Amino acid sequence: MKLTVKRGDQVRVMTGKDRGKQGRVLKVIPREARILVEGVNLTKRHMKLRPARGRSGQEGGIVEREAAIAISNVQVLCPSCGPTRVGHNVQEDGLHVRVCRKCGGEL
């Protein structure tokens, strides 16, 4: 499956409980077609204090962290024109680049 979203992209969530939120892509999981977005789909995780496990300095308790969401629920943000679809072009030197479908600018 060819993905149009890469790590570090700015995206906007289009559906679900976090609809309208924007964030940076932290991780892409191509096999499952899911991504982790900073500050989106936060879940609470109960962590136990275990200093002997190598996590020195980390406290136990309830920690909020991001859970994966489907790639189909987000849209890439173009720096100049906002949420857009992503196209692919081949430059003269054979390099493949992602482009904005609205303005044609390089992503």
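Before any of the text, the structure's been laid out above.
All figures in this text were calculated on a predicted structure; none of them were measured in a lab.

### Quick notes on the pattern of salt bridges
- Counted by the stated rule, this structure contains 3 salt bridges.
- In this structure, aspartate 9 and arginine 98 form a salt bridge, with 2.9 Å as the shortest nitrogen-oxygen distance. You can see aspartate 9 sitting in the segment before strand E1 (10-13) and its partner arginine 98 sitting in strand E10 (residues 96-100), a full 89 residues away along the chain.
- Exposure remark for aspartate 9: the relative accessible area of 11% places this residue in the buried category.
- A residue is classified by how much of its surface remains accessible, and arginine 98, at 12% relative accessible area, is buried.

### A few points about the environment of leucine 3
- Summarising the element assignment, leucine 3 is placed in the segment before E1.
- Overall, the relative accessible area of 14% leaves leucine 3 in the buried class.
- Once the C-alpha coordinates of leucine 3 and methionine 47 are considered, the two residues, 44 residues apart in sequence, prove to be 33 Å apart.
- Among residues more than four places away in sequence, those in contact with leucine 3 are Val28, Pro30 and Ile71.

### Considering unusual backbone geometry
- Not every positive phi belongs to a glycine, and alanine 33 is a case in point at roughly 55 degrees.
- Among the secondary structure elements, alanine 33 is positioned in the loop between strand E2 (22-29) and strand E3 (34-37).
- Although it is not a glycine, asparagine 41 adopts a positive phi angle of roughly 55 degrees.
- For asparagine 41, the position within the fold is in the loop between E3 and strand E4 (42-47).
- Note on asparagine 41: relative accessible area 15%, which makes it buried.

### As for the nonpolar core
- Counting 13 residues, the largest nonpolar core has Val5, Val11, Ile35, Val37, Ile69 and Val74 as its most contacted members.
- Residue assignment for this core shows that the elements contributing at least two residues are E1, E3 and strand E7 (74-78).
- With residues up to four places along the chain from it excluded, the contact list for valine 37 reads Val11, Gly23, Arg24, Leu26, Glu66 and Ile69.

Calculation rules
Numbers given for residues are sequential positions, taken from 1 along each chain in its written order. Confidence filtering applies because this is a predicted model: local features only for residues at pLDDT of at least 70, side-chain atom pairs given and counted only at 80 or more, and all residues used for totals across whole chains, interfaces and linings. By convention in this description, side-chain values take in all heavy atoms of the structure and omit both hydrogens and water. Salt-bridge detection follows one rule: a side-chain nitrogen of Lys or Arg within 4 Å of a carboxyl oxygen of Asp or Glu. Runs of H or I in DSSP of at least four residues are treated as helices and runs of E of at least two as strands, each being numbered from the N terminus. For each residue, the accessible area found with a 1.4 Å probe, counting protein chains only, is set against the maximum for its type, and the residue is called buried under 20%, exposed over 50%, and partly exposed in between. Whether two residues are in contact is decided by their heavy atoms: any pair within 4.5 Å suffices. Put simply, a nonpolar core is a bunch of buried Ala, Val, Leu, Ile, Met, Phe, Trp, Tyr and Cys residues held in one set by side-chain atoms that sit within 4.5 Å of each other.

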